[in-house]
Every structure is written in structure tokens, then in C-alpha cells.
Amino acid sequence: MAKHGGQERVQEIATICAYLRGSGRTKIAIAGLKEAGVLAMLAAPLADEIAADGNQLDLTTDDALLTNELFTPGLRRMGDFRTALTLAAPHPALLFNTGTKFAGTDWVHDVYADLGAARALKIESGPMTESAVVDWLAIGL
């Protein structure tokens, strides 16, 4: 059986974003909690604002990128999450629950700082409540 996982799920998010843009929606926010957080990061360039749960993802190996849920085998060749989040800058981004093995947060912070948008990025290594995520999104929109 072929694995699809993350690639198809990000395409679904892209389709929804395209529909919303086409219907006149002026601002699009993507919130991804738990496993959906990494999908929100990959779709970040499509939105005006994101809140994404890093779900304590361990990016020190390829194991997490090859699971049925995330299956993105070529992601490292494309710059992993750093590329998607760099393309989203300087739009507001909240990354939380990244833990200690989520590579790339320093890179993303530096990109936002270089663009003069350091205040638009918030990175938390620990978890956040759903209400705190919603509050953060409400401030940005």
C-alpha cells in the first residue's frame, strides 16, 4: 500500500486556501494542533498567519518524516520546515511545543529578525492551551 500522509494533507490545505482566496477572503489563518501542527508549518506560505504545534517532533532522524501520518520523504532536500517557514515570513507565526529536537527554530528566528519582523514570530518549546493559541491568532488578525 502506498503511503500518502503529509503530502496529500498539505495539498488539501492548499486547496482550501485557494478556495478562500478566490471567494474574497482577505486574511487566512491556519492553526495546526498536535500532529496537524507540522502540516500547518508546511502550508505556512499559503496563509497570512499560522499557529503550529511542533508536537515535540524529533527531527534529528528521518523516522518522523517517514510515518504514515507525515510521510514527506523528500522534505530534507527541500530544506525541511525551515524553507516553508522562511517563505511565510514576515507573516505572524506561532510555533509551540517544539521541544528540544525540532531543528530549524534558530534559523527561522534569524530570518524574521533579518526582515525586521522578529515581533511577528513567537517560538515556545513547551505546549500551549488551545485557548492561548486562539488568543494569539485573534491578536494577529
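## Digging into the overall build of the chain
Here's step 1: Scanning the chain from terminus to terminus reveals five helices and four strands.
Here's step 2: What you see in the chain, going N to C, is helices and strands ordered as α-β-α-β-α-β-α-β-α.
Here's step 3: Considering the chain as a whole, with its 141 residues, one finds that 40% of them fall into the buried category.
Here's step 4: A sequence separation of at least 24 residues applies to 63% of the contacts in the chain between residues at least 6 apart.
Here's step 5: A total of about 7900 Å² of accessible surface is found on the chain, and carbon and sulfur atoms cover 55% of it.

## Focus: the nonpolar core
Here's step 1: Counting 32 residues, the largest nonpolar core has Ile30, Ile50, Phe81, Leu85 and Tyr112 as its most contacted members.
Here's step 2: For this core, the elements supplying multiple residues, two or more each, are helix 1 (6-22), helix 2 (36-42), strand 2 (49-53), helix 3 (80-88), strand 3 (93-96) and helix 4 (105-114).
Here's step 3: By residue number, the principal contributor to this core is helix 2, which donates five residues.
Here's step 4: Apart from the residues lying within four places of it in its own chain, the contact partners of Ile30 are Ile13, Cys17, Ala40, Ala43, Ala47, Glu49, Ile50 and Ala51.
Here's step 5: Membership of the second largest hydrophobic core comes to six residues, among which are Ala51, Leu94, Phe96 and Trp136.

## Some thoughts on the environment of Glu35
Here's step 1: Along the polypeptide, Glu35 turns up in the loop between strand 1 (29-32) and helix 2.
Here's step 2: In this structure the C-alpha to C-alpha distance between Glu35 and Asp53, which are 18 residues apart in sequence, comes to 7.5 Å.

## Details of the pairing of strand 3
Here's step 1: Alternating positions in strand 3 separate into two faces, Ala93 and Leu95 on one and Leu94 and Phe96 on the other, with burial throughout.
Here's step 2: As paired elements, strand 2 and strand 3 share four bridges and run parallel to each other. The residue bridging Ala51 from the neighbouring strand is Leu94, located in strand 3.
Here's step 3: Note that strand 3 and strand 4 (residues 121-124) share four bridges and pair parallel. Across the sheet, the residue bridging to Leu94 is Lys122, located in strand 4.
Here's step 4: In terms of handedness, the path from strand 3 via helix 4 over to strand 4 forms a crossover that is right-handed.

## Considerations on the sheet that holds strand 2
Here's step 1: On the basis of which strands lie adjacent, the open sheet formed by four strands has the order 1-2-3-4 and parallel pairing. Only two strands of the sheet have a single neighbouring strand rather than two, namely strand 1 and strand 4. Averaged over all pairs of adjacent strands, the angle between strand axes in this sheet comes to 5 degrees, irrespective of strand direction.
Here's step 2: Relative to strand 4, helix 4 is tilted by about 160 degrees, and along the sheet it contacts strand 3 and strand 4.

## Some words on the pattern of salt bridges
Here's step 1: Tallied over the full model, the rule gives two salt bridges.
Here's step 2: Linking Arg21 and Asp48 is a salt bridge whose minimum nitrogen-to-oxygen distance equals 3.1 Å. Of this pair, Arg21 sits in helix 1 while Asp48 sits in the loop between helix 2 and strand 2, and the two are 27 residues apart along the sequence.
Here's step 3: Residue Arg21 is classed as partly exposed on the basis of its relative accessible area, which comes to 35%.
Here's step 4: When the shortest N-O distance is used, the salt bridge between Glu124 and Lys122 registers 3.8 Å.
Here's step 5: Glu124 sits in the partly exposed class, given a relative accessible area of 32%.

The rules behind the values
- Residues numbered from 1 in each chain as written.
- Predicted model: local features only at pLDDT ≥ 70, side-chain atom pairs only at ≥ 80, totals over all residues.
- Heavy atoms only, no water.
- Helix = DSSP H or I, 4+ residues; strand = E, 2+ residues; numbered from the N terminus.
- Buried < 20%, exposed > 50% of the residue type's maximum accessible area, 1.4 Å probe, protein only.
- Contact = heavy atoms within 4.5 Å.
- Areas by Shrake-Rupley, 256 points an atom, 1.4 Å probe, with all protein chains shown as cover.
- Core = buried A, V, L, I, M, F, W, Y, C linked by side-chain atoms within 4.5 Å.
- Pairing = 2+ DSSP bridges.
- Right-handed = clockwise from strand over helix to strand, strands pointing away.
- Axes fitted to C-alpha atoms, helices over the stretch in contact; angles between N-to-C directions.
- Salt bridge = Lys/Arg side-chain N within 4 Å of Asp/Glu carboxyl O.

Without other data, these values stay purely geometric and don't point to any function.
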